[in-house]
Amino acid sequence: MDAVGCVAGDWVICVGSSAAREAAGSKDFPSDLTIAGIIDHWDPGAGQTGN
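Residue positions are given per chain, counting from 1 as you read along its sequence in written order. In keeping with the predicted nature of the model, local features appear solely for residues at pLDDT of at least 70, side-chain atom pairs appear and are counted solely at 80 or more, and the whole-chain, interface and lining totals rest on all residues. Calculated side-chain values reflect all of the structure's heavy atoms, with hydrogen atoms and water omitted.

(A) Structural view of the overall build of the protein chain. For the purposes of this entry, the term helix denotes a DSSP run of H or I that reaches at least four residues, the term strand denotes a run of E that reaches at least two, and both are numbered from the N terminus. Within the protein chain, the regular secondary structure consists of one helix and two strands. Its helices and strands taken in sequence order, the protein chain reads β-α-β from the N to the C terminus. Buried positions account for 10% of the 51 residues belonging to the protein chain. Burial classes: relative accessible area under 20% of the type maximum marks a residue as buried, over 50% as exposed, and values in between as partly exposed (1.4 Å probe, protein chains only).

(B) Region of interest: a nonpolar patch on the surface. A surface patch of nonpolar side chains, amounting to about 180 Å² of accessible area, comprises Val12, Ile35 and Ile38. Along the chain, Ile38 falls in strand E2 (residues 33-39). On the basis of relative accessible area, Ile38 is assigned to the partly exposed category, the value being 34%. Patches draw on residues past 30% relative accessible area with no salt bridge. Two like charges within 9 Å are joined, as are two nonpolar side chains (Val, Leu, Ile, Met, Phe, Trp, Tyr) within 5 Å. With residues, only the protein chains shown are counted as cover, and all accessible areas are computed by Shrake-Rupley using a 1.4 Å probe. The term salt bridge refers to a pairing of a side-chain nitrogen on Lys or Arg with a carboxyl oxygen on Asp or Glu at a separation within 4 Å.

(C) Spatial organisation of the environment of Ala24. By the element assignment, Ala24 lies in the loop between helix H1 (18-23) and E2. Residues Ala24 and Ile35, spaced 11 residues apart in sequence, show a C-alpha to C-alpha distance of 8.3 Å. Contacts are assigned to residue pairs that have any heavy atoms within 4.5 Å of one another. With residues near it in sequence (within four places) discarded, Ala24 still touches Phe29 and Thr34.

(D) Inspection of the confidence of the model for the protein chain at higher detail. pLDDT gives the predictor's per-residue confidence on a scale running from 0 to 100. Counting all residues, the mean pLDDT for the protein chain is 76, and 84% of those residues have values of 70 or more. By mean pLDDT, H1 is the weakest element of the protein chain at 77, and strand E1 (residues 11-16) is the strongest at 84.

Okay, here's the thing in C-alpha cells:
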C-alpha cells in the first residue's frame, strides 16, 4: 500500500535507478524504485498455449 493507491495484490509497473528519480518528478528525489503505473486488469494466463 502506498500514496498512489496500490493495495496488496495489485500489478504495477516500476522503474528503477535514475529513471525512478525522473518518474518521481525530480532528479534530486532520493528514490531507487518508483511506481510508474498501476495495471487495472491483466490475466497472466491469457495467451498461454501450454506445453
